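What the coordinates show
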Amino acid sequence: LDLVGVTDVDGRARAFCKGLEFLTERVNVLRIDAANSRLRLIAPVIKDHGVEYERNKFAEKLRDGRTSLNQTKAWIVGSIKVQIASGNIDADYIRGHFSASNCLLPAMISLIANSELLTPEHCPETLSFDVHRIRALQKDFHTLVLASSVLVSSAHFLLTAKTPPEHEAFNTVEELFNKSGHQDTLDIEQIVVKIDSSLRGSPVGAQARTTMCRMVHENANPFSSVRRLMTERVKGLLNFSSEAPSTRLPRNLKMLSPGLDKVHERLLQLWKLNRDVHINTYQDIVKEFVDSMPKES
């Protein structure tokens, strides 16, 4: 540390503290590097034995009464009932072909689509170590829903106002929202103000801008029919394990592709690991539900 030219006591003290801060930061970097190196060394062992270890520890907690399956049963059975009510599956299919693997991904999507952030108290026991991951997915999911609601509303208005979505006006809205969309929390009030400001000088007149901003604001409301529709659309896009959801996005939502694919990738990682660890538990829950269904006449 160069203290040449620093003659006053306060100045030397500040320089000394900065030196200590620098050394502390470097030590932390070295510690992280060492920890990562150790993790890389044991990664093959964790991969081979981690699933079995976690499964056995969960079974042990069940036997000891340290946990239960109450929340997990309510979650899985509730998801199946929603799928039946929505017509995605029918009772005959459940009786003959349904398995835990069929219901787990939709059940996980139902968790991240919930507007209330998951808490440890209301988390399914089989996901108790994943509350943080699920909460992060919830935030990203609802950001995608809000973004799609705004973009669909803007495209619809510009189209009916004889301004095609290809027009620079929609590109302006798209680019604006793309920049805003990287924030952790989106403020619809700010977005509407920025949309109005960004469209000044465009072919969209003052009255049309006001009408458009009002429509966007109304449709972004969590209780609006457009917001509910886009929630179901995003859920449907995520409910595939074999392809990137962005391949099925309409043209006016293509800017959401990176965020949508990223959420899908993280969701699949969580789904696959949880399925591998708890598949037998889920099979028992599904079988119990199927056995309780009314028999065919």
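Residues numbered from 1 in each chain as written. Predicted model: local features only at pLDDT ≥ 70, side-chain atom pairs only at ≥ 80, totals over all residues. Heavy atoms only, no water.

Looking at helix α8 (residues 206-220)
Under the 1.5 Å per step criterion, the end-to-end length of α8 is 21 Å for 15 residues, consistent within 8% with the ideal 21 Å. Among the residues of α8, those classed as buried are R209, M212, C213, V216, N219 and A220. Down the axis of α8, the sector holding all buried residues measures 135°, keeping them to one side. (Helix = DSSP H or I, 4+ residues; strand = E, 2+ residues; numbered from the N terminus. Expected span 1.5 Å × (residues − 1). Buried < 20%, exposed > 50% of the residue type's maximum accessible area, 1.4 Å probe, protein only. Arc of directions from axis to C-beta.)

As for the pattern of salt bridges
One pass over the full model with this rule turns up eleven salt bridges. With a shortest N-O distance of 3.3 Å, R66 and E60 are connected by a salt bridge. A salt bridge links D196 to R209, with the nearest nitrogen and oxygen atoms 3.2 Å apart. Taken together, the positions of D196 in helix α7 (residues 188-198) and R209 in helix α8 put the pair 13 residues apart, joining distant regions of the chain. Like D196, the residue R209 is buried in the burial classification. Here the residues in one salt-bridge network are K57, E60, D64 and R66, joined through shared partners. (Salt bridge = Lys/Arg side-chain N within 4 Å of Asp/Glu carboxyl O.)

Focus: the packing of helix α5 (residues 131-160) against helix α9 (residues 225-238)
When two helices pack together, their arrangement is captured by the angle between the axes and the distance separating the axes. The N-to-C vectors of α5 and α9 enclose an angle of 120°; their axes lie 9 Å apart at closest approach. Considered as vectors, α5 and α9 are oriented oblique to each other. Relative to α9, α5 is oriented so that their crossing is right-handed. Residues F141, H142, V145, L146, S148, S149, V152 and S153 of α5 touch α9, and the partners they reach there are V226, R227, M230, T231, V234, K235 and L238. Classifying every residue of the contact of α5 with α9 gives eight nonpolar, five polar and two charged. (Axes fitted to C-alpha atoms, helices over the stretch in contact; angles between N-to-C directions. Parallel < 35°, antiparallel > 145°, perpendicular 65-115°, else oblique. Left-handed = near helix turned anticlockwise from the far one by under 90°. Contact = heavy atoms within 4.5 Å. Nonpolar A, V, L, I, M, F, W, Y, C, P; charged D, E, K, R; others polar.)

Some remarks on the confidence of the model for the protein chain
In the predicted model, the protein chain carries a mean pLDDT of 83, and the fraction of residues at 70 or more is 86%. Within the protein chain, the element-level pLDDT minimum falls on helix α6 (residues 168-180), averaging 63, and the maximum on α9, averaging 94. (pLDDT = per-residue confidence, 0-100.)

Examining α7
Restricting attention to buried positions, one finds in α7 the residues I188, I191, V192, I195 and D196. Seen end-on, α7 carries its buried residues on one side only, within an arc spanning 135°.

Considering the side chain of T143
Relative to the assigned elements, T143 resides in helix α5. The exposure class assigned to T143 is buried, which follows from its relative accessible area of 16%. Side-chain polar atoms of T143 contact the backbone oxygen of K139, separated by 3.0 Å. (Polar contact = N/O pair within 3.5 Å; in protein donor to acceptor, adjacent residues only side chain to side chain.)

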